[in-house]
Amino acid sequence: QVQLVESGGGLVQAGGSLKLSCAASGSIFSITTMAWHRQAPGKQRELVARISNAGSTTYSDSMKGRFTISRDNAKNTVYLQMNNLRPEDTAVYYCYAAIREDWHLDEFDYWGQGTQVTVSS
């Protein structure tokens, strides 16, 4: 069974940095897109950044220049380096991966359990 496990969340002051990690484990044949989303209280979940298996990246406009997504394909792990954090970045951050468990199976969406990031002013 495939699992995504996030780590690295916590409490930080405005202007500080955090690095999130998300490792996929289990029966994995291939992973295409990996991404980070976030959901603040009372708001819808939104895309933070995504990265293809070739390393092509996309960022939400409000995160450009402050956040960097990267991945280690050998470790099935995606990272999110967050710099110059603002109170409005406070949210639960969720890892996402599009995973095929075997060559003949379809690709499915998998989500992590979420990790809390709190930025104090």
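This text gives an overview of the structure that appears in the document. Nothing here was measured: the structure is a model prediction, and the numbers come from that model.

A separate point is unusual backbone geometry. Even without being glycine, N76 reaches a positive phi, approximately 50 degrees. We classify N76 as partly exposed; its relative accessible area is 23%. The backbone of N84 shows a phi angle near 50 degrees, a positive value even though the residue is not glycine. Along the chain, N84 turns up in the loop between β8 (77–82) and β9 (91–100).

It is worth spelling out the state of the cysteines at this point. This structure, assessed with the given rule, holds one disulfide. C22 shares a disulfide with C95; S-S distance 2.0 Å. Sign of the S-S torsion, about -80 degrees for the bond between C22 and C95, identifies this disulfide as left-handed. Of this pair, C22 sits in strand β3 (residues 18–25) while C95 sits in strand β9, and the two are 73 residues apart along the sequence. Residue C22 shares its accessibility class with C95, and that shared class is buried.

The next subject is the nonpolar core. Core analysis: the largest hydrophobic core is formed by 29 residues, its most contacted members being W36, L80, M82 and Y93. Where this core is concerned, the elements lending two or more residues are β3, β4 (30–39), β5 (46–51), β7 (67–72), β8, β9 and β11 (115–120). Residue contributions to this core peak at five residues, all from β9. Beyond its immediate sequence surroundings of up to four residues, L80 is in contact with L18, K19, L20, W36, V48, F67, T68, I69 and Y93.

Attention now goes to the side chain of H37. Here H37 lies in strand β4. We classify H37 as buried; its relative accessible area is 15%.

Moving on to the side chain of T115. Inspection of the secondary structure puts T115 in strand β11. On the basis of relative accessible area, T115 is assigned to the buried category, the value being 11%. A distance of 3.4 Å separates the side chain of T115 from the backbone nitrogen of G9, its partner in a polar contact. When residues no more than four places from it in sequence are discounted, the contact partners of T115 are E6, G9, L20, A91, V92 and Y93.

With respect to the element layout, M34 can be found in strand β4. When its relative accessible area of 1% is taken as the criterion, M34 is described as buried. The spatial distance from the C-alpha of M34 to the C-alpha of A49 is 8.7 Å, given a sequence separation of 15 residues. Among residues more than four places away in sequence, those in contact with M34 are R50, I51, I69, R71, N76, T77, V78, Y96 and A97.

What counts and how
Residues numbered from 1 in each chain as written. Predicted model: local features only at pLDDT ≥ 70, side-chain atom pairs only at ≥ 80, totals over all residues. Heavy atoms only, no water. Buried < 20%, exposed > 50% of the residue type's maximum accessible area, 1.4 Å probe, protein only. Helix = DSSP H or I, 4+ residues; strand = E, 2+ residues; numbered from the N terminus. Disulfide = S-S within 2.5 Å. Core = buried A, V, L, I, M, F, W, Y, C linked by side-chain atoms within 4.5 Å. Contact = heavy atoms within 4.5 Å. Polar contact = N/O pair within 3.5 Å; in protein donor to acceptor, adjacent residues only side chain to side chain.

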